[in-house]
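Residues per chain, in single letters:
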Amino acid sequence: MTGDADGVPLPRTGLGPAWPERAAWGTAQSLRAWQSAALTDYLERGPRDFLAVATPGAGKTTFALSVAAELLGRRIVDRLIVVAPTEHLKTQWAAAAAKAGIPIDPSYSAGKGKISSDFVGVAVTYAGVGVNPLALRIRTERFKTLVILDEVHHAGDSLTWGEGVREAFEPATRRLALTGTPFRSDVNPIPFVGYEPGEGGVPTSRADYTYGYAEALADHVVRPVLFLAYSGAMSWRTRAGDEVAADLGGPMTKDLTAQALRTALDPNGSWIPSVLAAADKRLSEVRRHVPDAGGLVIASDQDSARAYGKLLKQITGESATVVLSDEKAASKKISEFSDGDSRWMVAVRMVSEGVDVPRLSVGVWATTTSTPLFFAQAVGRFVRARTRGEIASVFLPSVPGLLRYAGELEMQRDHVLGRSKDADDGDIFAAEEDLMARAQASESASSELDGASFEALGSQARFDHALYDGAQFGHEGEVQVGSEEEMDFLGIPGLLEPDQMKDLLRKRQDDRRQAQRKARESLGSRSEPDTVAQVATHEHLAVLRRELNGLVGAWHHRTGQPHGITHAALRKECGGPAAAVANADQLQKRIDRIRDWALRQSS
């Protein structure tokens, strides 16, 4: 390592000898293929601003530090500033940069003044930039500076943060923006990101290099994800004193769905303990093949996180690592968990984005937060591949939005500024869908559920189905927690190739159906029943809707056709009103029709 004119050490060009150990199985010794291609593109063009969009777990940090090493080694820049969303990520960046031979100070705060000559750069948070942008602007102007904006979409979280970032780093020699989830839908532009007219003329972010989940999965850079959805009966009391009973996953208004989800996540009920126990069984199966595999429960708040930690202790006999953001030792706890081999960690938001814990293999979604941005960030914690064949498993409540995000995991989205009023003009069924959405959002009968007064009365968990590669797998009828049917999915080996996983899911589903069919035939041959078992209409409709939505999801994965277009085509061809109020005959016609389509396409 050599020094510059000010006595500050300059790093080696390239990556340090320990750095290739972070690469996934089957990748190059120094850089993955996408990292090498992006680096080549960057160095050939030499842009002042560059936006790299790469799926969580693909290695954005390695790429960024490779760019930094090259620019520092060529004396294009003299200093480095890394801007990260959280305090923990500052420390993580400093550790990663040290492995790359680039010493940066994560304890620096704006206005601190000079830093030690041992450091080439500093790491700060977006909040820190917003507090004192002028101090960082002075530092940026004094030297030829490269600014790395990690998870740059956070610069659009608030007007203050965005303005602070723009003021502080406008004089920078180079700016490298990184994100795995650029998509938002607001009116706050992200600083130093280019926009161009998108659909309907709405400004949409433009990336200089994009590496999506589907590409990373094909390259074995990330793990495939098996989603396990759980529904069940919920009951709660409103602030007006009325008791409400509903089935999580059934057709409900937006408010009722939110209340049912809150009831499911109540640690005093039966739903969350049952799902945690199922997730621990899955983790035990994974650890047979991946001994240090760990699990993560994402909680809504700190009280729930502590309660979930106690439940896991009862289930496993082992204390869980509970990470709370206001604890001084939060970063240390995450690092110790990452380096250890304990089973479970529970956190609120500390590990939802950017935090590198590669051994996380099983997750439980136990939070009421359900935006597509948060979903992508959270699932990104489980997809970091280490060994070929590792599978990630995420347990979800059967909430329509979450299931839709899971089915569209491979979809790439951009940051959209606002919404075009006529963006849906091309869809003749858009008006119908919009009216349905408005009716659900403004349901007057559920307005009494608003507010803080809420009491969960009881909950029961039921396994719904597995969702893998956009296709739905499950068994006929209701599957109780702890049953053999549930274990068909919980007991899937922890090391499988993607095609092997899909084949195994299909085989277990078909074997179970054949067994159930033979049992019914055997029962029917012994005696003719005197009565016919009656199934409640709402239960029958719920089963049909779940089956239809699963088939539509599989059709979307096969053809790329949006879910709404498929539903609209089925309504038009088979008759009947919108799916939310269709009767059993109409739903069955739609199921039969989409099966016919799939059969014709496969032949």
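See above for the structure.
Just so it is clear, the model here is predicted, and its values are computed rather than measured. (Residues numbered from 1 in each chain as written. Predicted model: local features only at pLDDT ≥ 70, side-chain atom pairs only at ≥ 80, totals over all residues. Heavy atoms only, no water.)

Draft legend 1. Focus on the overall build of the chain. Each helix and strand in the chain was counted, giving 19 helices and 24 strands. Out of the 603 residues in the chain, the part that is buried amounts to 51%. Within the chain, contacts between residues separated by at least 24 positions form 75% of all contacts whose residues are at least 6 apart in sequence. For the chain, the exposed surface amounts to about 26600 Å²; the carbon and sulfur share of it is 50%. (Helix = DSSP H or I, 4+ residues; strand = E, 2+ residues; numbered from the N terminus. Buried < 20%, exposed > 50% of the residue type's maximum accessible area, 1.4 Å probe, protein only. Contact = heavy atoms within 4.5 Å. Areas by Shrake-Rupley, 256 points an atom, 1.4 Å probe, with all protein chains shown as cover.)

Draft legend 2. Structural context of the packing of aromatic side chains. One pass over the full model with this rule turns up 13 aromatic pairs. Look at tyrosine 42 and phenylalanine 50: their rings are 5.2 Å apart centre to centre, the planes differ by 80°, and that puts the pair in the edge-to-face class. Each member of the pair, tyrosine 42 as well as phenylalanine 50, is classed as buried. When the centroid spacing of 5.9 Å and the interplanar angle of 25° are considered together, the rings of tyrosine 230 and phenylalanine 395 count as stacked. Placement of the pair is tyrosine 230 in strand S13 (residues 225–237) and phenylalanine 395 in strand S19 (residues 392–397), with a sequence separation of 165 residues. Taken together, Trp34, Tyr42, Phe50, Phe63, Tyr209 and Tyr211 form an aromatic cluster joined through their ring pairs. Sitting over the face of the ring of phenylalanine 192, arginine 166 holds its NZ or CZ atom 5.6 Å from the ring centroid. Against the face of phenylalanine 337 rests arginine 359, its NZ or CZ located 4.1 Å from the ring centre. (Phe/Tyr/Trp six-rings, centres within 6.5 Å; stacked < 30°, edge-to-face > 60°. Lys NZ or Arg CZ within 6 Å of the ring centre and 35° of its normal.)

Draft legend 3. Here's a closer look at the pattern of salt bridges. Per the stated rule, a full pass over the model turns up 20 salt bridges. Arginine 175 is the partner of aspartate 49 in a salt bridge, and the nearest nitrogen-oxygen pair spans 2.6 Å. Placement of aspartate 49 in strand S3 (residues 49–54) and of arginine 175 in strand S8 (residues 174–179) is noted, with a sequence separation of 126 residues between them. Linked through salt bridges whose partners overlap, the residues forming this network are Arg223, Asp292, Arg386 and Glu390. (Salt bridge = Lys/Arg side-chain N within 4 Å of Asp/Glu carboxyl O.)

Draft legend 4. Examining the side chain of arginine 223 more closely. Its place among the elements puts arginine 223 in the loop between helix H7 (213–218) and S13. In this structure arginine 223 comes out as buried when scored by relative accessible area, which is 1%. In this structure the side chain of arginine 223 is engaged in a polar contact, spanning 3.2 Å, whose partner is the backbone oxygen of arginine 384. (Polar contact = N/O pair within 3.5 Å; in protein donor to acceptor, adjacent residues only side chain to side chain.)

Draft legend 5. Region of interest: the packing of helix H2 (residues 60–73) against helix H3 (residues 87–99). For the pair H2 and H3, interaxial distance at closest approach is 10 Å and the crossing angle is 55°. Looking at the two axes, H2 sits oblique to H3. Crossing hand, H2 versus H3: right-handed. Packed against H2, whose contacting residues are Thr61, Ala64 and Leu65, the element H3 presents Trp93, Ala96 and Ala97 at the interface. Grouping the amino acids of the contact of H2 with H3 by side-chain chemistry returns 5 nonpolar, 1 polar and no charged. (Axes fitted to C-alpha atoms, helices over the stretch in contact; angles between N-to-C directions. Parallel < 35°, antiparallel > 145°, perpendicular 65-115°, else oblique. Left-handed = near helix turned anticlockwise from the far one by under 90°. Nonpolar A, V, L, I, M, F, W, Y, C, P; charged D, E, K, R; others polar.)

Draft legend 6. Region of interest: the sheet that holds strand S12 (residues 209–211). With parallel pairing, the 7 strands of this open sheet are ordered in space as S5-S6-S4-S7-S8-S3-S12. Across the chains shown, the open sheet's two edge strands, defined by having one partner strand only, are strand S5 (104–105) and S12. The strands that helix H1 (residues 33–45) touches are S3, S8 and S12; relative to S3, the one it contacts most, it runs at about 170°. Relative to the sheet, helix H5 (residues 133–142) contacts strand S4 (79–84), strand S6 (121–125) and strand S7 (145–149), its axis offset from that of S4 by approximately 150°. (Pairing = 2+ DSSP bridges.)

Draft legend 7. Quick look at H2. Taking 1.5 Å of rise per residue, the 14 residues of H2 would be expected to cover 20 Å, and the 20 Å separating its terminal C-alpha atoms lies within 8% of that figure. Burial runs high along H2: 12 of the 14 residues are buried. Taken together, the buried positions of H2 are Lys60, Thr62, Phe63, Ala64, Leu65, Ser66, Val67, Ala68, Ala69, Glu70, Leu71 and Leu72. Buried residues in H2 make contact with H1, S3, S4, H3, S7 and S8. (Expected span 1.5 Å × (residues − 1).)

Purely geometric numbers; function is a separate question.
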